[in-house]
Amino acid sequence: MRKVREKHMKTIYLAGGCFWGMQKYFDQFEGVVNTEVGYANGPDAAPSYQEVCANSGHAETLRIDYDAEKLSLTQLLEYYFLVIDPLSVNRQGNDRGIQYRTGIYYTDPSQLPEIRAVYRAEEEKAGARLAVELQPLQNFFSAEEYHQKYLDKNPGGYCHIPDRFFHLAQQ
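No experiment lies behind these values; they were computed from the predicted model shown. (Residues numbered from 1 in each chain as written. Predicted model: local features only at pLDDT ≥ 70, side-chain atom pairs only at ≥ 80, totals over all residues. Heavy atoms only, no water.)

For the rest of this paragraph, the subject is the overall build of the chain. The number of helices and strands found in the chain is 5 helices and 8 strands. Written out in order from the N terminus, the α and β elements of the chain read β-α-β-α-β-α-β-β-β-α-β-β-α. Taking 16 Å as the expected radius of gyration for a compact globule of 171 residues, we find that the chain reaches 15 Å, a close match to that expectation. C-alpha atoms of the chain, sized along the principal axes, occupy 40 × 35 × 35 Å. Across the 171 residues that make up the chain, the buried fraction comes to 50%. In the chain, 78% of the contacts between residues at least 6 apart in sequence involve partners at least 24 apart. Working note: accessible area of the chain is about 8,600 Å², and carbon and sulfur atoms make up 48% of it. (Helix = DSSP H or I, 4+ residues; strand = E, 2+ residues; numbered from the N terminus. Rg over C-alpha atoms; globule rule 2.2 N^0.38 Å. Buried < 20%, exposed > 50% of the residue type's maximum accessible area, 1.4 Å probe, protein only. Contact = heavy atoms within 4.5 Å. Areas by Shrake-Rupley, 256 points an atom, 1.4 Å probe, with all protein chains shown as cover.)

The next point concerns the pattern of salt bridges. A full pass over the atoms with the stated rule returns 7 salt bridges. One salt bridge in this structure joins D65 and R63, with 3.0 Å as the shortest N-O distance. The partly exposed category is assigned to R63, whose relative accessible area is 26%. (Salt bridge = Lys/Arg side-chain N within 4 Å of Asp/Glu carboxyl O.)

Before going further, it helps to spend a moment on helix α4 (residues 112-126). End to end, α4 covers 21 Å across 15 residues, agreeing with the expected 21 Å (1.5 Å per residue, within 8%). Of the positions making up α4, those classed as buried are L112, I115, V118, Y119 and E122. End-on view of α4: buried residues confined to an arc of 135°, all on one side of the axis. α4 presents P113 and E124 as exposed residues on the side facing more than 90 degrees away from its buried surface. If you follow the buried residues of α4, they end up packed against β1 (9-16), α3 (73-82), β6 (102-106) and β7 (133-136). Just past α4, the residue G127 takes up positive phi, approximately 70°. (Expected span 1.5 Å × (residues − 1). Arc of directions from axis to C-beta.)

Once that is clear, we can look at the nonpolar core. By size, the foremost hydrophobic cluster in this structure holds 42 residues, and its most contacted members are I12, L14, Y25, F26, I64, Y80 and I104. In terms of residues, this core owes the most to one element, α3, which gives 6 residues. If sequence neighbours within four positions are ignored, Y80 has contacts with L14, A15, G16, M22, F26, T102, G103, I104 and V132. Of all hydrophobic cores here, the second largest spans 7 residues; its members include A15, A40, A59 and F140. (Core = buried A, V, L, I, M, F, W, Y, C linked by side-chain atoms within 4.5 Å.)

Non-glycine residue N41 carries a positive phi angle of around 50°. Considering the arrangement of structural elements, one finds N41 in the loop between β2 (32-40) and α2 (49-53). The phi torsion at K149 lies on the positive side, around 55°, for a residue other than glycine. The topology assignment puts K149 in the loop between β8 (140-142) and α5 (150-153). Relative accessible area serves as the criterion here: at 31%, K149 is assigned to the partly exposed category.

Written out as structure tokens, the structure is:
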């Protein structure tokens, strides 16, 4: 992890369908210091991937640690909305099930006004109520090691996010 002054370090948790693509997507942006895939906002017991796929109630979620001096939460959330269908319930791309729901989960209540502002703007853009959960983080369990940076280890792996989005930071 790159050295960042602690007071500028922030964390947000985003569920956006399969976490493999979400991790690869967010890793490209300057200001993202660390990412970790895991399972969030389900029952309090740490699940296995098999349990998550069998409807444990957890969402595949990406923890993002970022330097707020280099990348604002607003910009992070705008990037998020570029790669999800915010009206889809329990589905992103070909992935279906409760674990593929979308959600913005926070641990710092001071982030809520900024989150709500972006959320409202996205609702206006969509002209409909979003299916994206907006909740405090209840729990987060790190996914198994083989899921971490999965698409870097397996470049041909399936992802609902089109490949062109993995190169936005280079443009």
